[in-house]
Amino acid sequence: QEQLVESGGGLVQAGDSLRLSCAASGPFSSYAMGWFRQPPGKEREFVAAITWRGGVTHYADTVKGRFTISRDNTKNTVFLQMNSLKPEDTADYYCAGDPIFDRVRQSKAASWGQGTQVTVSS
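Residues numbered from 1 in each chain as written. Predicted model: local features only at pLDDT ≥ 70, side-chain atom pairs only at ≥ 80, totals over all residues. Heavy atoms only, no water.

Asks: So what exactly am I meant to see when it comes to the overall build of the protein chain here?
Replies: Broken down by element type, the protein chain carries one helix and eleven strands. When the helices and strands of the protein chain are read in sequence order from the N terminus, they spell out β-β-β-β-β-β-β-β-β-α-β-β. Its C-alpha atoms give the protein chain a radius of gyration of 13 Å, near enough to 14 Å, the size a compact globule of 122 residues would have. In terms of its C-alpha atoms, the protein chain occupies a principal-axis envelope of roughly 40 × 25 × 25 Å. Classification of the 122 residues of the protein chain by burial places 44% in the buried group. Taken as a whole, the protein chain presents about 6,200 Å² of accessible surface, with 45% of it coming from carbon and sulfur. If you average the places of the 13 positive and of the 12 negative side-chain charges in the protein chain, the two averages end up 5 Å apart. (Helix = DSSP H or I, 4+ residues; strand = E, 2+ residues; numbered from the N terminus. Rg over C-alpha atoms; globule rule 2.2 N^0.38 Å. Buried < 20%, exposed > 50% of the residue type's maximum accessible area, 1.4 Å probe, protein only. Areas by Shrake-Rupley, 256 points an atom, 1.4 Å probe, with all protein chains shown as cover. Lys, Arg positive; Asp, Glu negative; His and termini not counted. Charge placed at Lys NZ, Arg CZ, Asp CG, Glu CD.)

Here is the structure:
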């Protein structure tokens, strides 16, 4: 299994951008990766996923066109570029990894990070 560590969260204003990173140790280049978030008082929800080569991505409708997932297999890191942030994007953001892309999309990934907090003020 991978070990995942997220970073890059913080407090920003609506309309700002933020880039999250997730550093992995373990078999990163063969794992599909994803980002999830858990808003305060709500359940965890899918944000974005990317295949192990990066050729296929999938996004939640709520972030499509604003967020971009990417990966650098030479650095064992997956990124989430978040633009045009809204207060409703406020959440703890988690990265996850699994050999199977659909397991990531379905929130059934084998490996999870500890999360990084993102707060968007209005």
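Asks: Would you explain the side chain of R71 in this entry?
Replies: When you line up the elements, R71 lands in strand 7 (residues 67-72). Although buried, R71 forms no salt bridge, and the nearest oppositely charged side chain, E2, lies 5.8 Å from it. Within the structure, R71 has its side chain in polar contact with the backbone oxygen of W52 (distance 3.4 Å). Leave out the neighbours within four places in its chain, and R71 touches F28, S29, Y31, A32, M33, I50, T51, W52, G54, T77, V78 and F79. (Salt bridge = Lys/Arg side-chain N within 4 Å of Asp/Glu carboxyl O. Polar contact = N/O pair within 3.5 Å; in protein donor to acceptor, adjacent residues only side chain to side chain. Contact = heavy atoms within 4.5 Å.)

Asks: Is there a simple way to explain the environment of T77 in this structure?
Replies: With respect to the helices, strands and loops of the structure, T77 is situated in strand 8 (residues 77-82). The class of T77 is buried, set by a relative accessible area of 11%. Taking the C-alpha atoms as reference points, T77 and P39, separated by 38 residues in sequence, lie 24 Å from one another. Leave out the neighbours within four places in its chain, and T77 touches S21, C22, A23, F28, R71 and D72.

Asks: Just to check I follow, could you spell out the sheet that holds strand 1 (residues 3-7) for this structure?
Replies: Backbone hydrogen bonds hold the strands of a sheet together, and the pairing may be parallel or antiparallel. Strand order in the open sheet made by the four strands is 1-3-8-7, with antiparallel pairing throughout. Looking at the sheet topology across the chains shown, the edges are occupied by strand 1 and strand 7. Pairs of neighbouring strands in the sheet enclose a mean axial angle of 15°, with direction left out of account. Bridging between strand 1 and strand 3 (residues 18-25) involves five bridges; their strand directions are antiparallel. (Pairing = 2+ DSSP bridges. Axes fitted to C-alpha atoms, helices over the stretch in contact; angles between N-to-C directions.)

Asks: Would you take a moment to explain the pairing of strand 3 for this structure?
Replies: Two faces, one strand: in a regular strand the side chains alternate between the faces of the sheet. For strand 3 and strand 8, the ladder comprises six bridges, and the chain directions are antiparallel. Residue pairing in the sheet places S21 in a bridge with F79 of strand 8.

Asks: Can you walk me through the nonpolar core in this structure?
Replies: If you look at the biggest cluster of nonpolar residues, it comprises 35 residues, and the most contacted ones within it are W35, L80, M82 and Y93. Listed by contribution, the elements that provide at least two residues to this core are strand 3, strand 4 (32-38), strand 5 (45-50), strand 7, strand 8, strand 9 (91-98), helix 1 (101-105) and strand 11 (116-121). No other element matches the five residues that strand 5 contributes to this core. Every residue in contact with M82, bar those within four places of it in the chain, is listed here: D16, S17, L18, L20, R66, F67, Y93 and V118. (Core = buried A, V, L, I, M, F, W, Y, C linked by side-chain atoms within 4.5 Å.)

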